Amino acid sequence: MEHVRERIARAAERVGRAPDEVRVLAATKGRSVAEILEAIRAGIDLIGENTVQEALAKFEFLPEALEKHMIGTLQLNKVKVAVRLFHGVESVNSLELARAIDREVAKLRRAEPYPVLVEVNPAGEATKRGLPPEAVEPLMEELSRLERVRVEGLMAMVPYDDPQRLRPHFRLMRELFDSLGREARRRGWKNVEMRWLSMGTSNDFEVAVEEGANLVRLGTVLFGPRKG
Ligand SMILES: *Cc1c(COP(=O)(O)O)cnc(C)c1O
């Protein structure tokens, strides 16, 4: 963890950013409760899971205070459980999904709207989830009308590749993030507050940080190679 923080700090400093702007999310799919508790001792305070099923099996053994995000594809029929398990969903990619979250959050009688990120696919791969960049603003406008959902930024998944070749995708994400922030202010969108740009995994987080990520999602670099 120290080593990872140091690599983030060096990447941030190369572009004149403050290292402590960058938050680390530990991607814990396939990791045991013991491994996660160990990561918490090393300083992790935010984790991400890819399925509701795995979250259900593990979260009861993890501290309440640990922040937990959904980072995998969320099925509509799992939303009810997801909003109770997770503090936020990073993988919102349709109005239908956001509406389902809005409906379930209404039943929770919480005062605060539920934080989500919109998932974008900047590389345009057919196999990856997420919205094409040009579809983000129209969706965002629709989302701004939901009472109980607050859009707090964007999440990007990029292909596995030489990180330098991924740089244009990260740059495009940053431009989209900034322009949506301006648009949200200009048009007075309620419940849109562009705070988090979630991009960068073990393979490419340094380039992602250089291009403006302030939330990186790390698995293998924290826990070692995944089994299976
Ligand atoms: C697994 C995963 C990560 C982390 O990937 P690593 O290569 O293990 O760092 C990040 N984001 C998502 C959505 C993931 O599923």
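Conventions we followed
- Residues numbered from 1 in each chain as written.
- Predicted model: local features only at pLDDT ≥ 70, side-chain atom pairs only at ≥ 80, totals over all residues.
- Heavy atoms only, no water.
- Salt bridge = Lys/Arg side-chain N within 4 Å of Asp/Glu carboxyl O.
- Helix = DSSP H or I, 4+ residues; strand = E, 2+ residues; numbered from the N terminus.
- Buried < 20%, exposed > 50% of the residue type's maximum accessible area, 1.4 Å probe, protein only.
- Near = heavy atom within 4 Å.
- Polar contact = N/O pair within 3.5 Å; in protein donor to acceptor, adjacent residues only side chain to side chain.
- Areas by Shrake-Rupley, 256 points an atom, 1.4 Å probe, with all protein chains shown as cover.
- Nonpolar A, V, L, I, M, F, W, Y, C, P; charged D, E, K, R; others polar.

### Points about the pattern of salt bridges
Applying the stated criterion across every chain, the model contains 27 salt bridges. The salt bridge involving R150 is made with E112; its shortest N-O contact spans 3.4 Å. Of this pair, R150 sits in strand β6 (residues 149–156) while E112 is found in the loop between α5 (95–108) and β5 (114–120), placing the two residues 38 residues apart along the sequence. Given a relative accessible area of 17%, R150 falls into the buried group. Under the relative-accessibility criterion, E112 is labelled partly exposed at 46%. As a salt-bridge pair, E152 and R150 come within 2.9 Å of each other at their nearest N and O atoms. Taken together, the shared-partner salt bridges in this structure form one network comprising E137, E141, E142, R145, E183, R186 and R187.

### What to know about the site of the ligand
The environment of the ligand is made up of A27, K29, N50, I71, M157, T201, S202, R217, L218, G219, T220 and R226. The contact in question runs from an oxygen atom of the ligand to an N or O atom on the backbone of T220, over 2.9 Å. Alone, the ligand offers 380 Å² of accessible surface; in the complex the protein occludes 91% of this. Residues belonging to the shell around the ligand are distributed by class as follows: 4 nonpolar, 5 polar and 3 charged.

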